[in-house]
Amino acid sequence: KAGVTQTPRYLIKTRGQQVTLSCSPISGHRSVSWYQQTPGQGLQFLFEYFSETQRNKGNFPGRFSGRQFSNSRSEMNVSTLELGDSALYLCASSWGQGSYTFGSGTRLTVV
Amino acid sequence: AQTVTQSQPEMSVQEAETVTLSCTYDTSESDYYLFWYKQPPSRQMILVIRQEAYKQQNATENRFSVNFQKAAKSFSLKISDSQLGDAAMYFCAYYTSGTYKYIFGTGTRLKVLA
């Protein structure tokens, strides 16, 4: 059974640009969550989607957005990138309630 | 608001020995889940063990077991017969139905000495 797949694995962007990260959940999982991991702030929740509906959102500015498609694949978008957005972005999927399986993350570097 | 605290930034253990990682949490909820995740250098968070708050029995997965003290809001992870492959960051996480999110602790870096 394939795991959670995140693409790309690494990304370098310039300040002011926008970026889109992709996440393919485990087959059958309808819940997808996103987390930002930084050395200073640790792991912080961004948002969660279930059947294309956002059920919860963390305390991030509006530059951070996401969506989920009918096949449960999810994307997150960050517009007007800032240096502080440099982080490991982790996606996780679940059948619906807890016990999330994580992907290997996308390492975003903003220069 | 719920919080999760891991007070040990780093721990070391000799190979084949036993180590315990600490985690405390704060919540007013009665129904929740607690997890330990392992994050090796490969970056992928790997689920180690899960505990439902309504279960009094401590969860066990092979060499990994927890000591869940609900009244004390404590959830420690014991790793027996430590192996070199156990070296990683370990995160304690809290989850409650309806929030659809984990609250993570700051992590404990475990070093395994040969």
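Basis of the calculations
Residues numbered from 1 in each chain as written. Chains lettered and ligands numbered in written order. Predicted model: local features only at pLDDT ≥ 70, side-chain atom pairs only at ≥ 80, totals over all residues. Heavy atoms only, no water. Core = buried A, V, L, I, M, F, W, Y, C linked by side-chain atoms within 4.5 Å. Buried < 20%, exposed > 50% of the residue type's maximum accessible area, 1.4 Å probe, protein only. Helix = DSSP H or I, 4+ residues; strand = E, 2+ residues; numbered from the N terminus. Phe/Tyr/Trp six-rings, centres within 6.5 Å; stacked < 30°, edge-to-face > 60°. Lys NZ or Arg CZ within 6 Å of the ring centre and 35° of its normal. Contact = heavy atoms within 4.5 Å. Buried area = accessible area lost by both parts, 1.4 Å probe. Polar contact = N/O pair within 3.5 Å; in protein donor to acceptor, adjacent residues only side chain to side chain. Salt bridge = Lys/Arg side-chain N within 4 Å of Asp/Glu carboxyl O. Disulfide = S-S within 2.5 Å.

> How would you sum up the nonpolar core? Please name residues and give values.
Residues and elements named next belong to chain B. By size, the foremost hydrophobic cluster in this structure holds 26 residues, and its most contacted members are Tyr25, Trp36, Phe75, Leu77 and Tyr90. Elements with a contribution of two residues or more to this core: strand 3 (19-21), strand 5 (33-39), strand 6 (46-52), strand 8 (64-69), strand 9 (74-79), strand 10 (88-95) and strand 12 (108-113). With 4 residues, the single largest contributor to this core is strand 10.

> Requested: an account of the packing of aromatic side chains, with residues and values cited.
Tallying each qualifying case throughout the model produces 24 aromatic pairs over all chains. Aromatic side chains Tyr35 of chain A and Phe45 of chain A sit 5.6 Å apart centroid to centroid with 65° between the ring planes, which places their arrangement in the edge-to-face category. In this pair, Tyr35 of chain A is assigned in strand 4 (residues 31-38) and Phe45 of chain A in strand 5 (residues 42-50), connecting sequence segments 10 residues apart. The burial state of Tyr35 of chain A is the same as that of Phe45 of chain A; both residues are buried. Feature note: the residues Tyr35, Phe45, Tyr100 and Phe102 of chain A together with Tyr33, Phe35, Tyr37, Phe91, Tyr95, Tyr102 and Phe104 of chain B constitute an aromatic cluster, connected by ring pairs. Sitting above the plane of the Tyr100 of chain B ring, Arg55 of chain A keeps its charged end 3.5 Å from the centroid.

> Mind laying out the interface of chain B and chain A, listing which residues take part and the relevant values?
On the side of chain A, 23 residues touch chain B, which itself brings 18 residues to the contact. Between chain B and chain A the total buried area reaches about 1800 Å² when both faces are included, carbon and sulfur atoms providing 51% of it. When the area that chain B buries against chain A is broken down by residue, the three leading residues are Arg43, Tyr100 and Tyr102 of chain B, summing to 41%. The tally of links between chain B and chain A comes to 11 residue pairs in polar contact (both at pLDDT 80 or more). Going through the elements one at a time, strand 5, strand 6, strand 10 and strand 11 (102-104) of chain B are the ones with two or more residues in the side of chain B that touches chain A.

> Help me get a handle on the pattern of salt bridges, residues and values and all.
All names here are of chain A. A full pass over the atoms with the stated rule returns 10 salt bridges over all chains. Its salt-bridge partner being Glu75, residue Arg67 comes within 3.3 Å of it at the nearest N-O pair. When the shortest N-O distance is used, the salt bridge between Arg73 and Glu75 registers 3.3 Å. Arg73 sits in the partly exposed class, given a relative accessible area of 24%. Residues joined by salt bridges that share partners form a network here, namely Arg63, Glu82 and Asp85.

> With reference to specific residues and values, describe the side chain of Ser74 of chain A.
All names here are of chain A. Mapped onto the elements, Ser74 comes out in strand 8 (residues 74-78). The exposure class of Ser74 is buried, given its relative accessible area of 0%. Here the side chain of Ser74 touches Trp34 through a polar contact of 2.9 Å, side chain to side chain. When near neighbours in sequence (up to four residues on either side) are disregarded, Ser74 contacts Leu21, Ser22, Cys23, Val32, Trp34, Tyr49, Arg67 and Gln68.

> Give a description of the state of the cysteines that names residues and reports values.
Think of a disulfide as a covalent bridge from one cysteine sulfur atom to another cysteine sulfur atom. In this structure the tally under the stated criterion is 2 disulfides over all chains. Between the sulfur atoms of Cys23 of chain A and its disulfide partner Cys91 of chain A the distance amounts to 1.8 Å. On the sign convention where negative means left-handed, the S-S torsion of about -60° between Cys23 of chain A and Cys91 of chain A marks this disulfide as left-handed. Of the two residues, Cys23 of chain A is situated in strand 3 (residues 19-24) and Cys91 of chain A in strand 9 (residues 87-94); the sequence distance between them amounts to 68 residues. One disulfide bridge connects Cys23 of chain B with Cys92 of chain B, the sulfur atoms lying 2.0 Å from each other. Taking the sign of the S-S torsion, about -70° here, the bridge from Cys23 of chain B to Cys92 of chain B comes out left-handed. Here the residue Cys23 of chain B occupies a position in the loop between strand 3 and strand 4 (24-26), and Cys92 of chain B occupies one in strand 10, the gap between them amounting to 69 residues. Neither Cys23 of chain B nor Cys92 of chain B differs from the other in exposure class; each is buried.

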